[in-house]
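A structural walkthrough
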Amino acid sequence: MSQHKPGGKSNATGAARAEARANIAFVKYWGRADDARNLPLNDSISLTLDRLVTTTTIEFAPALDADEFLLNGGAATPAETARASRHLDHLRALAGTKTRARIVSENAFTTAGGLASSASGFAALTVAAAGALGLDLDARELSRIARLGSGSASRSLFGGFVRWRAGNDRESVAEPIVPMGHWDLRDVIVVVEAGRKKTGSADGHSLARTSPFLTGRLDSLPGTLSAVERGIRERDLAIMGPAIEAEALSMHAVMMTSNPSLLYWTPDTVRMLLAVRDFREERIPTWMTLDAGPNPHLICEAGTVPRLLSRLKEMGFGGEHVLVCGPGEGPKVDRLQP
Ligand code: PMV
């Protein structure tokens with residue numbers, strides 16, 4: 001709950017619009033050390049994606065009795081509104097206000113429902129609300145606050161290649177690994193299923209500890225993290241690719257062996273896992289990663305994309321089912337006249 005600070009701006013008004021981008025994790029966050037604060041069991045590494053943008057406008061209005069949340073043109077569900085509201089409480093507490101807000105949020109990728117991301121959503125909400133409330137917070141602090149909404153949102157506070165560190169509440173923030181523009185990598189997303197997933201990552205994290213494979217995964221992660229970070233620094237997909245594909249399979253092995261078991265794959269997911277092996281034999285250097293869902297993310301260099309797209313087309317995947325993303329920037333915010 002938000003605390004009203006005596007002397008604070010109890011009747012804050014203010015409005016802002018922010019945009020933030022989703023990210024694809026190359027080393028995954030799966031399982032938490034602390035559920036309430038979204039403190040991860042391990043460091044993770046991601047690439048912020050240019051085309052997966054969420055735009056959020058927020059207006060704090062003293063006349064409102066409750067927060068209002070419009071998502072992709074319709075009213076958000078009560079659960080979504082409550083989650084956004086709890087998140088705003090962190091920012092309201094910092095600003096010393098209890099003023100409620102009207103939130104309007106749009107994803108630029110609604111045709112691909114399965115890609116709707118809590119990362120871009122909570123990053124945009126954090127930055128918009130901080131801007132509207134006039135809070136002067138640095139990117140580290142914004143990353144920490146975004147993490148409280150959704151762990152992976154901490155990484156969307158930065159553009160390009162980003163590492164989010166495990167640690168306590170102060171330490172567990174993200175930071176860029178290399179400058180923007182360091183490596184022109186592509187994430188070719190094949191939308192094999194556009195619907196909502198049955199178990200979202202928010203609940204899935206709590207199941208990680210029920211898998212007997214979690215310990216093995218955590219033991220292997222320091223090696224994976226250093227291979228992936230080295231691959232990025234040296235712009236070497238031959239180092240990074242095998243490490244990220246094995247890493248995604250390791251996370252899904254934990255998911256499948258949890259109790260209850262989480263199985264996100266569809267037949268097309270497996271088809272694509274087999275296909276990338278063929279692509280590599282055909283000298284189309286591509287490696288696959290997966291989030292908590294069935295949609296393959298095919299990682300390759302920009303020059304590989306035309307050959308990859310033509311192979312995907314032969315397999316029946318084209319048009320709006322394939323989304324080619326490059327490195328994306330960190331969030332932007334504009335204050336608006338309320
Ligand atoms: O931030 P969350 O709670 O939506 O968790 C994200 C989990 C994965 O997407 C599967 C992995 C990751 O690191 O992004």
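Residues numbered from 1 in each chain as written. Predicted model: local features only at pLDDT ≥ 70, side-chain atom pairs only at ≥ 80, totals over all residues. Heavy atoms only, no water.

**A short note on the overall build of the protein chain**
- Along its length, the protein chain carries eight helices and 14 strands.
- Within the protein chain, buried positions represent 54% of all 338 residues.
- In the protein chain, the share of contacts with a sequence separation of at least 24, taken over all contacts with a separation of at least 6, comes to 77%.
- Here the protein chain has roughly 14,400 Å² of accessible surface; of this, 51% comes from carbon and sulfur atoms.
- One way to put it: in the protein chain the 39 positive side-chain charges average out to a point 2 Å from where the 38 negative ones average out. (Helix = DSSP H or I, 4+ residues; strand = E, 2+ residues; numbered from the N terminus. Buried < 20%, exposed > 50% of the residue type's maximum accessible area, 1.4 Å probe, protein only. Contact = heavy atoms within 4.5 Å. Areas by Shrake-Rupley, 256 points an atom, 1.4 Å probe, with all protein chains shown as cover. Lys, Arg positive; Asp, Glu negative; His and termini not counted. Charge placed at Lys NZ, Arg CZ, Asp CG, Glu CD.)

**Here we look at the pattern of salt bridges**
- For the coordinates displayed, the defined rule picks out 26 salt bridges.
- Among the salt bridges present, the one from Glu247 reaches Arg217, with a minimum N-O distance of 2.7 Å. Here Arg217 lies in helix H5 (residues 214–233) and Glu247 lies in helix H6 (residues 237–256), a separation of 30 residues in the sequence. Here the two residues Glu247 and Arg217 agree in accessibility, since each one is buried.
- In this structure, the salt-bridge partner of Arg280 is Glu245, at a minimum N-O distance of 2.8 Å. A residue pair is termed long-range when its members are at least 10 positions apart, and Arg280 in helix H7 (residues 267–281) and Glu245 in helix H6 qualify at 35 residues. (Salt bridge = Lys/Arg side-chain N within 4 Å of Asp/Glu carboxyl O.)

**Here we look at the side chain of Asn42**
- Mapped onto the secondary structure, Asn42 falls in the loop between strand S3 (39–40) and strand S4 (44–60).
- Asn42 sits in the buried class, given a relative accessible area of 6%.
- A polar side-chain atom of Asn42 sits 2.9 Å from the main-chain carbonyl oxygen of Lys28.
- Ignoring any residue separated from it by four or fewer positions in sequence, one finds Asn42 in contact with Lys28, Tyr29, Trp30, Ala166, Leu218 and Leu221. (Polar contact = N/O pair within 3.5 Å; in protein donor to acceptor, adjacent residues only side chain to side chain.)

**Some thoughts on the confidence of the model for the protein chain**
- Scored by pLDDT, the protein chain has a mean of 93; 94% of the residues are at 70 or more.
- Segment residues 1–8: pLDDT under 50, and 16 contacts once partners within four positions in sequence are set aside and those in other chains are kept. (pLDDT = per-residue confidence, 0-100.)

**Overview of the packing of aromatic side chains**
- Inspection of the entire model under this criterion finds two aromatic pairs.
- Relative to Trp164, the ring of Tyr29 has its centre 4.7 Å away and its plane inclined at 75°; by these criteria the two rings are edge-to-face. Placement of the pair is Tyr29 in the loop between strand S1 (14–27) and strand S2 (32–34) and Trp164 in strand S8 (residues 161–164), with a sequence separation of 135 residues. Per residue, the accessibility class of Tyr29 equals that of Trp164, and both read buried.
- Relative to Trp183, the ring of Phe161 has its centre 6.1 Å away and its plane inclined at 25°; by these criteria the two rings are stacked. With Phe161 in strand S8 and Trp183 in the loop between strand S9 (174–176) and strand S10 (185–190), the pair connects residues that are 22 residues apart, well separated along the chain. Like Trp183, Phe161 is buried. (Phe/Tyr/Trp six-rings, centres within 6.5 Å; stacked < 30°, edge-to-face > 60°.)

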